Amino acid sequence: MNSQKKVVKFGGTSLADAKQFRKAAGIVRSDPSRCFVVVSAPGKRFKDDIKITDMLYACYDKASKGTNFDADFAEIEKRFTDIISDLGLDLSLESEFEKIKEAFVHHAGRNYAASRGEYLNGIIMSDYLGYEFIDAAEYIFFDESGNFDLETTLGKLSPKLAETDKAVIPGFYGSMPDDTVKTFSRGGSDVTGSIVARAANAALYENWTDVSGFLICDPRIVENPKPIRTITYRELRELAYMGAGVLHEDAIFPVRAADIPINIRNTDNPDDPGTMIVSETAESSKYIITGIAGKKNFSVVQIEKDMMNTEKGFGRNVLRAFEKNDMCFEHMPSGIDTMSVIVATDSLVGKEKAVLDEIHERVNPDKTEIENNLALIAVVGRGMRKARGTAARIFTALADARVNIKMIDQGSSELNIIIGVEEEDFEAAVRAIYNVFVK
Ligand code: ASP
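I will try to describe carefully the structure that is included in this document. Residue numbering note: each chain is counted from 1, following its sequence as written. It should be noted that, the model being predicted, local features are given only for residues of pLDDT at least 70 and side-chain atom pairs only at 80 or more, the latter also being counted only at that level, while totals for whole chains, interfaces and linings use all residues. Where side-chain values are given, they derive from all heavy atoms of the structure, hydrogens and water being excluded.

1. Considering the pairing of strand β11 (residues 291–304)
And then number 1: Any two strands between which DSSP finds at least two bridges are classified as paired. Only runs of H or I of at least four residues qualify as helices and only runs of E of at least two qualify as strands under DSSP, and these elements are numbered from the N terminus. Sheet topology places β11 next to strand β13 (residues 367–380); 11 bridges connect them, and they run antiparallel. Bridging from a neighbouring strand, Gln302 pairs with Glu369 of β13.
And then number 2: When β11 meets strand β12 (residues 338–344), the two strands line up antiparallel, connected through seven bridges. Note that in β12 the partner of Ser299 across the bridge is Val343.

2. Details of the pairing of strand β15 (residues 416–422)
And then number 1: Working definition: with a 1.4 Å probe on protein chains only, accessible area under 20% of the residue-type maximum means buried, over 50% means exposed, and in between means partly exposed. Most of β15 sits inside the fold, with six of its seven residues counted as buried.
And then number 2: Pairing between β13 and β15: seven bridges, direction antiparallel. Bridging from a neighbouring strand, Val380 pairs with Asn416 of β15.
And then number 3: When strand β14 (residues 405–410) meets β15, the two strands line up antiparallel, connected through five bridges. Within the sheet, the bridge partner assigned to Gln410 lies in β15 and is Ile417.
And then number 4: Between β14 and β15, which follow one another and run antiparallel, lie five residues, and Glu414 among them has a positive phi close to 60°.

3. Brief notes about the side chain of Glu235
And then number 1: Within the secondary structure, Glu235 is located in helix α8 (residues 233–241).
And then number 2: By relative accessible area, which is 0% here, Glu235 ends up buried.
And then number 3: Polar contacts, as used here, are pairs of N or O atoms within 3.5 Å; protein pairs need one atom able to donate a hydrogen and one able to accept it. Residues neighboring in sequence count only if both atoms are side-chain atoms. Within the local environment of Glu235, its side chain forms a polar contact with the backbone nitrogen of Arg382, the two atoms lying 2.5 Å apart.
And then number 4: Contact criterion: two residues are considered in contact whenever any of their non-hydrogen atoms come within 4.5 Å of each other. Residues contacting Glu235, with those up to four places away along its chain left out, are Thr290, Val380, Gly381, Arg382 and Leu415.

4. Details of the packing of aromatic side chains
And then number 1: Ring pairs shown here join Phe, Tyr and Trp side chains whose ring centres sit within 6.5 Å, with only the six-membered ring taken for Trp; geometry is labelled stacked below 30 degrees between planes, edge-to-face above 60, and tilted in between. Across all of its chains, the model carries 10 aromatic pairs by this definition.
And then number 2: Where Phe10 meets Trp208, the ring centres are 6.2 Å apart and the plane angle is 25°; that geometry is what we call stacked. Placement of the pair is Phe10 in strand β1 (residues 6–10) and Trp208 in strand β7 (residues 204–209), with a sequence separation of 198 residues.
And then number 3: Exposure remark for Trp208: the relative accessible area of 1% places this residue in the buried category.
And then number 4: The interplanar angle of 45° and the centroid separation of 5.9 Å between the aromatic rings of Phe69 and Phe104 together place this pair among those described as tilted. Here Phe69 is found in the loop between α2 (52–64) and α3 (70–87), whereas its partner Phe104 is found in helix α4 (residues 94–105), with 35 residues between them in sequence.
And then number 5: Using a relative accessible area of 7% as the deciding quantity, one classes Phe69 as buried.

5. Structural notes on the environment of Gly411
And then number 1: Tracing the chain through its elements places Gly411 in the loop between β14 and β15.
And then number 2: Classification of Gly411 as partly exposed rests on a relative accessible area of 23%.
And then number 3: Spatially, the C-alpha atom of Gly411 lies 10.0 Å from that of Val380, the residues being 31 residues apart in sequence.

6. Some details on the pattern of salt bridges
And then number 1: Salt-bridge detection follows one rule: a side-chain nitrogen of Lys or Arg within 4 Å of a carboxyl oxygen of Asp or Glu. For the structure shown, the criterion picks out 26 salt bridges.
And then number 2: Salt-bridge contacts for Lys160 lead to Glu132; the nearest nitrogen and oxygen are separated by 2.8 Å. Here the residue Lys160 occupies a position in helix α6 (residues 150–162), and Glu132 occupies one in strand β3 (residues 132–133), the gap between them amounting to 28 residues.
And then number 3: Classification of Glu132 by relative accessible area gives partly exposed; the value is 34%.

7. A look at the sheet that holds β7
And then number 1: The sheet built from eight strands is open, its strands ordered β3-β4-β2-β1-β7-β9-β10-β8 with mixed pairing. Pairing within the sheet leaves two strands with one partner each, and these edge strands are β3 and β8 (230–232).
And then number 2: Alignment of β7 against strand β9 (residues 262–266), held across five bridges, turns out to be parallel. Note on β9: the bridge partner recorded for Glu206 is Asn263.

8. A word on the packing of helix α1 (residues 18–29) against helix α5 (residues 110–129)
And then number 1: One can describe the packing of α1 onto α5 by two numbers: an axis separation of 11 Å at closest approach and a directional angle of 55°. Overall, the two elements α1 and α5 adopt an arrangement that is oblique. At the point where α1 passes α5, the crossing takes the right-handed sense. In this structure, α1 contributes Phe21, Arg22, Ala24, Ala25, Val28 and Arg29 to the contact, and α5 contributes Asn121, Ile124, Met125, Tyr128 and Leu129. Axis lines are fitted through C-alpha atoms, for helices just across the contact stretch, and the angle between N-to-C directions can take any value from 0 to 180 degrees. To sort the angles, those under 35 degrees are grouped as roughly parallel, those over 145 as roughly antiparallel, those from 65 to 115 as roughly perpendicular, and the leftovers as oblique. Each helix crossing is assigned a hand: it is left-handed if the near helix lies turned anticlockwise from the far helix by less than a right angle, otherwise right-handed if that turn is clockwise.

9. A short note on the sheet that holds β11
And then number 1: Read across the open sheet, the five strands follow the order β12-β11-β13-β15-β14; overall the sheet is antiparallel. Two strands lie at the open edges of the sheet, namely β12 and β14, each paired on one side alone. Neighbour to neighbour, the strand axes of the sheet diverge by 35° on average, direction disregarded.
And then number 2: Along the sheet face, helix α13 (residues 390–400) touches β13, β14 and β15 and points at about 15° away from the line of β15.

10. Quick look at the site of the ligand
And then number 1: Taken together, Ser40, Lys51, Thr53, Glu118, Phe172, Arg186, Gly187, Gly188 and Ser189 are the residues near the ligand.
And then number 2: Contact between the ligand and Lys51: an oxygen atom at 3.1 Å from a side-chain N or O atom of the residue.
And then number 3: Interatomic distance of 3.0 Å between a backbone N/O atom of Ser189 and an oxygen atom of the ligand.
And then number 4: Areas reported here follow the Shrake-Rupley algorithm with a probe of radius 1.4 Å; residue values treat only the protein chains shown as occluding. Within the complex, the protein chains bury 94% of what would otherwise be the 260 Å² of accessible surface of the ligand.
And then number 5: Classifying every residue of the shell around the ligand by side-chain character gives one nonpolar, five polar and three charged. One heavy atom within 4 Å of a molecule or strand makes the whole residue count as near it. Here the term charged refers only to Asp, Glu, Lys and Arg, the term nonpolar to Ala, Val, Leu, Ile, Met, Phe, Trp, Tyr, Cys and Pro, and the term polar to all other amino acids, Gly among them.

Given below as C-alpha cells:
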C-alpha cells in the first residue's frame, strides 16, 4: 500500500528567485499531503541568465587551477542572499559560504562544488517552509563504481522518512562509499525526487517545472500542439529516446518499480493538470497516438547479399563489425537479401572505411553503401495496439505531404512505429502525422 504522502520536486526555474520560491511554497502549503520537498539549485531568472550550477562549475574550475575566484564566488553568494532577504528570512548562510570556499581552495572536487547549489537552496527552502532539512549526502548512496545504490539508499532513507513528518531534501547528489559527494548527471534532481518518492512509498511524485507537462510533439515544429494528459512509462521511454525532454531519463526507474505515478506540473500555471506518467492505463489517448518525437543525424549502412537469409550468423557477423569499432546501432530493419544498420552519424564519422572493410571481411557482401542525412520519427501510442489502419493513416499522410519514406520499423509491442525520412523532410513529416491524428 502506498502512503498518502506526496513528494514534490521543484526545478531550477521554479526556484530561481524569491518570487518563484513564494509560488513553490504556496503550492506545497496548499496541499497538506505534500510532505517531502526536493529542490534543484536556482536556475535562470531570464533567458540569458546563468544557472547556479553552471556558476559553481566555472568558479570551481578557477579554484582548481589556483586562479583567484573571489569575484565569482561573491556572485554566487549574492544570488542566495538576495533570495533570503527578498523572502524576509532571518537566516544567514555565512558559515556555509566560508566552508564551501575553504573546500574549493582544498580542491574538494567538481561534484562537491556543483552539489552546493541544491544544498544551499535546500537550507533556504526548509527555513522558509519550517520543514526539517535532510542532507542528501547522508541518505543517498552510490557504489564503488559510481552507480546509484538503491538498496543501501532505501535501507537508510525509508526509515528516516517514515519517522519524519515534513522535510526538504536537496536534489542532484549523494555520497560515495568513501563519503565524498557525487552528483547524478545534469538535471539529476529529477532522479532524487523519484528516489525520495520510492523511499517514502509515496502516493504520487509531483515534478514541478516550467512547462505543463509533455506535448504531443515539439512546439518548434507544430504550433501549439495539444498536451499529453496521460502517458505510460514505456511510451515515455520511447519518446525520451527520441529526444522529448522535460524529465531526466533515469527518473523513471525508482518509481516505476513501486507503481508510483509521476505528475509533471507547471509552477507558473498550477491549475493545469499537467501530464500523468503511469505504469498502465485502461483508458487510451483520445487520438490513438500518444506522442511523436524524432531526431536528425542518423546514417544507414546498407548491406546487400543474395541469399543472405540462408546464411547462418549473417546478422551477428555484421553487428560484430560495429562492435569491433566500438559502436552501438539504433535499428536494424532487414529484407530477404538486404540489411540496413542505422547508427548515429556522430558515432560513424571517421570510422566509415573501417566498418565497411570489417563487414566485407566478415560476410563478403555483394554491395555496401552508406547514406547520411537520415531523420528518424517515432510515432508512439498504446492506442495503436490492435487499432487497425494506423500505419495506413501515417503512410497516406506522408504521401500526401510528398514525403518519401526511407525506412519503417514497427516494434513488436505495437507501441511504436519508427519512420526514417530525409532530414529535409523531417518537419513536414512530423506535421503531417500530427495533423492526421490530432487536428
Ligand atoms: N542543478 C542541476 C543541473 O543544473 C541539477 C538539476 O537541476 O536537476 O543540472
